[in-house]
Amino acid sequence: GKRVFSGIQPTGIPHLGNYLGAIQYWVDIQQDNECIYCLVDMHALTVWQEPVSLRKQTLEQTAVLLAAGIDPNKHILFNQSAVSAHARLAWIFNCVARIGWMNRMTQFKDKAGKNREANSVGLYVYPNLMAADILAYKATCVPVGEDQRQHLELTNDIAQKFNHDYKTGFFPVVEGFIPKTSARVMNLRDGSKKMSKSDPSEQGRIELLDEDDVITNKIKRAKSDSEPLPSEQEGLSHRLEALNLVSIYSVLAKQSVEQVLQDFGGKGFSPFKSALSDLLIQKIAPIREETKKMLADKQHLQTILKQGAEKASAIADPIVSEAEYIVGFLK
Ligand code: TYM
């Protein structure tokens, strides 16, 4: 098995994109790997968070991840700020990464908006903290959606420069585990935008705590077009919204896109959408109900995170201490 690391920001409720692009694989790869999953509260802080709601959402997301099937006994689940190794290594990486590398990060450009200079410095160096998250554990497998690909490339650039500058083979090469079909789930109202927690309208995303009727309604009102579904995949190439819905169906039903189109090709959206709602409810309702149960005992959730942080520190502290020695800090 490999050592796996991945993270999610505890802002808002995880949505279908988070689930299909990342969380479902986090659950699956627990089978034969050593997995470390992190609620990245330090990353969340790069944009303003109401302190009380950051704490609340950290516990809420913990509950969702447990309900989705993360096993905190065999694996590790914790919040980032509880393990100081992340911040320590991130500082070293701030001194390894080049300003030019940061300037190429497309996610910063997207998030920073027009008034770039008004953003926090944290948002700018965010990818260095992400590299530290992974390399503090020398993890080699990182299951993420497509939007994190550039950050993983940067992680390898940082590891390589560190190894080169300090003439060491200390940090390993990191590989992304980016799914084929669901690495970029799109907004239900606009197939050219990715499904995102920060979009002001909830109509474009399905959240893992949505009630059944809310799911059905969002799918009913999801943008489509007036043509029937095509029988072959090429027929979807210029129909972004149709492609997105068919892709979601295919991942949930564990069928290829071709198979889905064999069943629904030539038919209108209405029967397809109702089958899609059924599949979504089958997947989401049990997670939602289990999350509600878990949220009744917040003390238990905190204990799980605390134990996770202790296990995580036991791995990361010696690795980061060694990195500190390599760069010349006194032991
Ligand atoms: P975050 O919190 O934005 O998203 C968590 C995971 O969900 C994936 N994702 C999607 N996948 C498919 N379609 C979508 N529309 C979609 N939206 C989000 C993301 O790719 C991600 O895998 N920087 C990271 C968190 C992080 C991290 C790390 C990840 C911090 N340190 C170290 C891996 C390793 C982030 O903001 O994810």
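Definitions and limits used
Residues numbered from 1 in each chain as written. Predicted model: local features only at pLDDT ≥ 70, side-chain atom pairs only at ≥ 80, totals over all residues. Heavy atoms only, no water. UniProt positions renumbered as here; feature names shortened; annotations may be inferred. Helix = DSSP H or I, 4+ residues; strand = E, 2+ residues; numbered from the N terminus. Near = heavy atom within 4 Å. Polar contact = N/O pair within 3.5 Å; in protein donor to acceptor, adjacent residues only side chain to side chain. Areas by Shrake-Rupley, 256 points an atom, 1.4 Å probe, with all protein chains shown as cover. Nonpolar A, V, L, I, M, F, W, Y, C, P; charged D, E, K, R; others polar. Buried < 20%, exposed > 50% of the residue type's maximum accessible area, 1.4 Å probe, protein only. Pairing = 2+ DSSP bridges. Right-handed = clockwise from strand over helix to strand, strands pointing away. Arc of directions from axis to C-beta. Contact = heavy atoms within 4.5 Å. Core = buried A, V, L, I, M, F, W, Y, C linked by side-chain atoms within 4.5 Å. Domains from an automatic or database assignment. Expected span 1.5 Å × (residues − 1). Axes fitted to C-alpha atoms, helices over the stretch in contact; angles between N-to-C directions. Left-handed = near helix turned anticlockwise from the far one by under 90°. Salt bridge = Lys/Arg side-chain N within 4 Å of Asp/Glu carboxyl O.

An unreviewed UniProt entry lists the protein under the name Tryptophan--tRNA ligase, from Commensalibacter melissae. Quoted verbatim from the Catalytic activity (unreviewed entry) heading of the UniProt record, the comment on the protein is "tRNA(Trp) + L-tryptophan + ATP = L-tryptophyl-tRNA(Trp) + AMP + diphosphate + H(+)".

(A) Geometry of the UniProt feature "short sequence motif: 'HIGH' region" (unreviewed entry) in the protein. In this structure's numbering, the residues bearing the UniProt feature "short sequence motif: 'HIGH' region" (unreviewed entry) are residues 10–18. Here residues 10–18 runs as 33% helix and 0% strand, with 12 Å between its end C-alpha atoms.

(B) Looking closely at the site of the ligand. Residues in contact with the ligand amount to 27 residues; listed here are only the nearest, Tyr126, Asp133, Gly145, Asp147 and Val185. Tyrosine 126 is positioned with one of its side-chain polar atoms (N or O) 2.6 Å from an oxygen atom of the ligand. Glutamine 148 places a polar side-chain atom, nitrogen or oxygen, 3.1 Å from a nitrogen atom of the ligand. Considering the ligand on its own, with 710 Å² of exposed area, one finds that the protein chains cover 96% of that surface. When residues of the shell around the ligand are traced back to their parent elements, those giving at least two are strand 1 (3–8), helix 1 (16–28) and helix 7 (121–135). Across the shell around the ligand, the residue classes tally to 12 nonpolar, 11 polar and four charged.

(C) Here's a closer look at the pairing of strand 2 (residues 34–39). Of all six residues in strand 2, five are buried, a share of seventy percent or more. By the bridge criterion, six bridges tie strand 1 to strand 2 in an arrangement that is parallel. The residue of strand 2 that forms the bridge with serine 6 is tyrosine 37. You can see the chain leave strand 1, run along helix 1 and come back into strand 2, and the turn it takes is right-handed.

(D) Broad picture of helix 9 (residues 212–220). Of all the positions in helix 9, only Ile215, Lys218 and Ile219 are classed as buried. Viewed end-on, helix 9 has its buried residues packed into an arc of 100 degrees, placing them on one side of the element. Those residues of helix 9 that are exposed and aimed more than 90 degrees away from the buried face are Asp213 and Lys220. As for helix 9, its buried residues are in contact with helix 12 (269–295).

(E) Broad picture of the nonpolar core. Formed by 59 residues in total, the largest nonpolar core has its most connected members in Ile248, Phe272, Leu276 and Leu280. The two domains that each donate at least three residues to this core are domain 1 (3–182 + 298–327) and domain 2 (209–293). Residues Phe5, Val83, Ala136 and Ile158 belong to the second largest nonpolar core, which totals 47 residues.

(F) Structural view of unusual backbone geometry. In the Ramachandran plot, lysine 138 falls in the positive-phi region, its phi being about 45 degrees despite a non-glycine side chain. By secondary structure assignment, the location of lysine 138 is in the loop between helix 7 and strand 4 (141–143). Overall, the relative accessible area of 28% leaves lysine 138 in the partly exposed class. With a phi angle near 55 degrees, lysine 254 is a residue other than glycine that sits in the positive phi range.

(G) Layout of helix 3 (residues 51–68). For helix 3, which comprises 18 residues, the first-to-last C-alpha distance of 26 Å matches the rise-based estimate of 26 Å (1.5 Å per residue) to within 8%. Positive backbone phi, at 120 degrees, marks glycine 69, one or two positions downstream of helix 3.

(H) Spatial organisation of the side chain of serine 277. For serine 277, the location among the structural elements is in helix 12. Contacts of serine 277, omitting those with residues within four sequence positions, involve Thr216 and Ile219.

(I) Just the packing of helix 9 against helix 12, in detail. Here helix 9 crosses helix 12 at 145 degrees, and the two axes come no closer than 9 Å. For helix 9 against helix 12, the interelement crossing comes out right-handed. Within the contact between the two elements, helix 9 uses Asp212, Ile215, Thr216, Ile219 and Lys220 and helix 12 uses Lys273, Leu276, Ser277, Leu280, Ile281, Ile284, Ala285 and Arg288. Considered class by class, the residues forming the contact of helix 9 with helix 12 number seven nonpolar, two polar and four charged.

(J) Inspection of the environment of leucine 129 at higher detail. As for its placement among the helices and strands, leucine 129 is situated in helix 7. Sequence separation between leucine 129 and alanine 314 is 185 residues; the distance between their C-alpha atoms is 19 Å.

(K) Inspection of the pattern of salt bridges at higher detail. For the structure on display, the rule yields 20 salt bridges. In this structure, lysine 218 engages aspartate 210 in a salt bridge whose closest nitrogen and oxygen atoms are separated by 2.7 Å. The pair lysine 218 / aspartate 210 is uniform in exposure class, with both members buried. For the salt bridge of glutamate 290 with lysine 293, the shortest nitrogen-to-oxygen distance reads 3.8 Å. With glutamate 290 and lysine 293 both in helix 12, this residue pair falls three residues apart, about one helical turn.

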